[in-house]
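Spelled out from the first residue to the last, the chains are:
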Amino acid sequence: MRMSISDNAKPSMPKTNNAREFMRMIKDYSQSDITDKSMVENLMTELMTKKFDWSQPIHDHVTSMANLTAKMKGMGMEVIEAFLVQFIINSLPIEFGQLQVNYNTIKEKWNIQEVKAMLVHEEGRLKKIKNDSIHVFIDEVERQLEKKVKVVRSDRGGEYYGKYNENGQCPGPFAKFLESRGICAQYTMLYTPQQNGVAERRNRTLMEMVRTMLIHCNVPLSLWKYTLRTVVYLLNRVPSKAVPKTPYELCTGRKLSLRHLHVWGCPA
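What comes next concerns the included structure. All values reported here derive from a predicted model rather than from experimental measurement. (Residues numbered from 1 in each chain as written. Predicted model: local features only at pLDDT ≥ 70, side-chain atom pairs only at ≥ 80, totals over all residues. Heavy atoms only, no water.)

1. Topic: the overall build of the protein
Then step 1. The helix and strand inventory of the protein stands at 11 helices and four strands.
Then step 2. Within the span of the protein, comprising 268 residues, buried residues form 28% of the whole.
Then step 3. Put simply, of all contacts in the protein between residues at least 6 apart along the chain, 54% involve residues at least 24 apart.
Then step 4. Accessible area of the protein: about 18700 Å², with a carbon and sulfur share of 56%. (Helix = DSSP H or I, 4+ residues; strand = E, 2+ residues; numbered from the N terminus. Buried < 20%, exposed > 50% of the residue type's maximum accessible area, 1.4 Å probe, protein only. Contact = heavy atoms within 4.5 Å. Areas by Shrake-Rupley, 256 points an atom, 1.4 Å probe, with all protein chains shown as cover.)

2. Notes on helix α9 (residues 197-217)
At 3.6 residues per turn, the α-helix brings residues three or four places apart onto the same side.
Then step 1. Helix length check: α9, at 21 residues, gives a terminal C-alpha distance of 30 Å against a target of 30 Å (1.5 Å per residue), a fit within 8%.
Then step 2. Packing partners of the buried residues in α9 comprise α10 (224-235).
Then step 3. Asn 218 occupies a position one or two residues after α9 and carries a positive phi of about 55°. (Expected span 1.5 Å × (residues − 1).)

3. Description of the packing of α9 against α10
Then step 1. The contact between α9 and α10 brings their axes to 9 Å, and the two run at 120°. What the angle tells us is that α9 and α10 run oblique. The hand of the α9/α10 crossing is right-handed. Here Arg 202, Thr 205, Leu 206, Met 209, Val 210, Met 213 and Leu 214 of α9 come into contact with α10, specifically with Trp 224, Thr 227, Leu 228, Thr 230, Val 231, Val 232 and Leu 235.
Then step 2. Tallied by class, residues from the contact of α9 with α10 come to 10 nonpolar, three polar and one charged. (Axes fitted to C-alpha atoms, helices over the stretch in contact; angles between N-to-C directions. Parallel < 35°, antiparallel > 145°, perpendicular 65-115°, else oblique. Left-handed = near helix turned anticlockwise from the far one by under 90°. Nonpolar A, V, L, I, M, F, W, Y, C, P; charged D, E, K, R; others polar.)

4. Remarks on unusual backbone geometry
Then step 1. Phi angles above zero are rare outside glycine, and Glu 146 is one such case at about 55°.
Then step 2. Following the sequence through the fold, Glu 146 ends up in the loop between α6 (112-144) and β1 (151-154).
Then step 3. In this structure, Asn 218 takes a positive phi of about 55° despite not being glycine.
Then step 4. As for its placement among the helices and strands, Asn 218 is situated in the loop between α9 and α10.

5. Examining the pattern of salt bridges
Then step 1. All told, the structure shown has six salt bridges when counted by the stated rule.
Then step 2. Across the pair Arg 181 and Asp 139 runs a salt bridge whose closest N-O atoms are separated by 3.0 Å. Residue Arg 181 is found in the loop between α8 (173-180) and β4 (184-187), and its partner Asp 139 is found in helix α6; the two are separated by 42 residues along the sequence.
Then step 3. On the accessibility criterion, Asp 139 (28% relative accessible area) is partly exposed.
Then step 4. Of the charged contacts, one joins Glu 208 and Arg 201 as a salt bridge, the two residues approaching to 3.6 Å between their closest N and O atoms.
Then step 5. Taken together, the shared-partner salt bridges connect Asp 139, Glu 142, Arg 143 and Arg 181 into one network. (Salt bridge = Lys/Arg side-chain N within 4 Å of Asp/Glu carboxyl O.)

6. Thoughts on a nonpolar patch on the surface
Then step 1. On the surface, a cluster of nonpolar side chains totalling about 240 Å² of accessible area is made up of Tyr 233, Leu 258 and Leu 261.
Then step 2. Summarising the element assignment, Tyr 233 is placed in helix α10.
Then step 3. The partly exposed category is assigned to Tyr 233, whose relative accessible area is 33%. (Patch = residues over 30% accessible without salt bridge, like charges linked within 9 Å, V, L, I, M, F, W, Y side chains within 5 Å.)

7. Remarks on the pairing of β1
Then step 1. Residues Val 152 and Ser 154 of β1 are buried on one face, while the alternating residues Val 151 and Arg 153, pointing to the opposite face, are not.
Then step 2. Two strands pair when backbone bridges link them, and β1 and β4 are joined in this way by four bridges, in the parallel orientation. Bridging from a neighbouring strand, Val 152 pairs with Ala 185 of β4. (Pairing = 2+ DSSP bridges.)

8. Examining the nonpolar core
Then step 1. With 25 residues, the main nonpolar core has Leu 47, Met 72, Ile 88, Ile 89, Leu 92, Val 115 and Leu 119 as its most contacted residues.
Then step 2. Every element with two or more residues in this core is listed here: α2 (33-49), α3 (58-74), α4 (81-90), α5 (97-105) and α6.
Then step 3. Residues in contact with Met 72, not counting those within four places in the same chain, are Val 40, Leu 43, Met 44, Leu 47, Met 77 and Val 79.
Then step 4. Grouped together as the second largest cluster of nonpolar side chains are nine residues, Ile 94, Leu 206, Met 207 and Val 231 included. (Core = buried A, V, L, I, M, F, W, Y, C linked by side-chain atoms within 4.5 Å.)

9. Concerning the packing of aromatic side chains
Then step 1. On inspection of all chains with the given rule, the structure shows one aromatic pair.
Then step 2. Ring centres of Phe 52 and Phe 96 lie 6.0 Å apart, and the angle between their planes is 80°; this geometry places the pair in the edge-to-face category. A residue pair is termed long-range when its members are at least 10 positions apart, and Phe 52 in the loop between α2 and α3 and Phe 96 in the loop between α4 and α5 qualify at 44 residues.
Then step 3. A relative accessible area of 5% means that Phe 52 is categorised as buried.
Then step 4. Arg 237 extends its terminal NZ or CZ atom over the ring of Tyr 233, reaching a point 3.5 Å from the ring centre. (Phe/Tyr/Trp six-rings, centres within 6.5 Å; stacked < 30°, edge-to-face > 60°. Lys NZ or Arg CZ within 6 Å of the ring centre and 35° of its normal.)

This is how it looks when you write it as structure tokens:
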């Protein structure tokens, strides 16, 4: 029973080996103000550390954060709307960098309904760009490199896998695109990024390099996508232990040259 008690509450609980007495103390403690303070502290910590990771729609993410503030208000601690909006903006990943810059530069701040509507619109735009980029990549590989894309592996995110209804799975636009091109779609199990470890590790490497380059050159966050493009360009020209040649040489069959490279952020 002690193990199920919050760590914040354990120091204030009297120690006893009698089960009946312990349950009575639990009842008394649950009716005290200490419990409310502990729960409010846990809710505030969750609100401040919550991050949007694309595992659910952005609408649900914003709603869940608003529900946390509603619970805190019921316990006597009210979070003003401006703070809630700022927490939501801070919880966004780097893909929403342009929206974050816009919010921090405008004088009139958004309310919760406005920020929710803008985030839903931005989420749809980013997903469309993602799908269009994959279409362009597959067409470029097949025409410029004369190679066929046979398999595409991804997680079971709704933008790839499709949604479920009462009739079962409804393939999304991307799944239908792969089917029309005869490309085999492989999906990992839900909430198991370990099955796609190579891609997950590469994503982390990319983002770490992007943050490092942005900080080193002291450039605006809005330039993150150009930084990411440069990082991918460099990594495609770096050798690894897995293969004898660089990815660029394996794809194009041409000899690699690095004479044109300059330090990132230097004058053109």
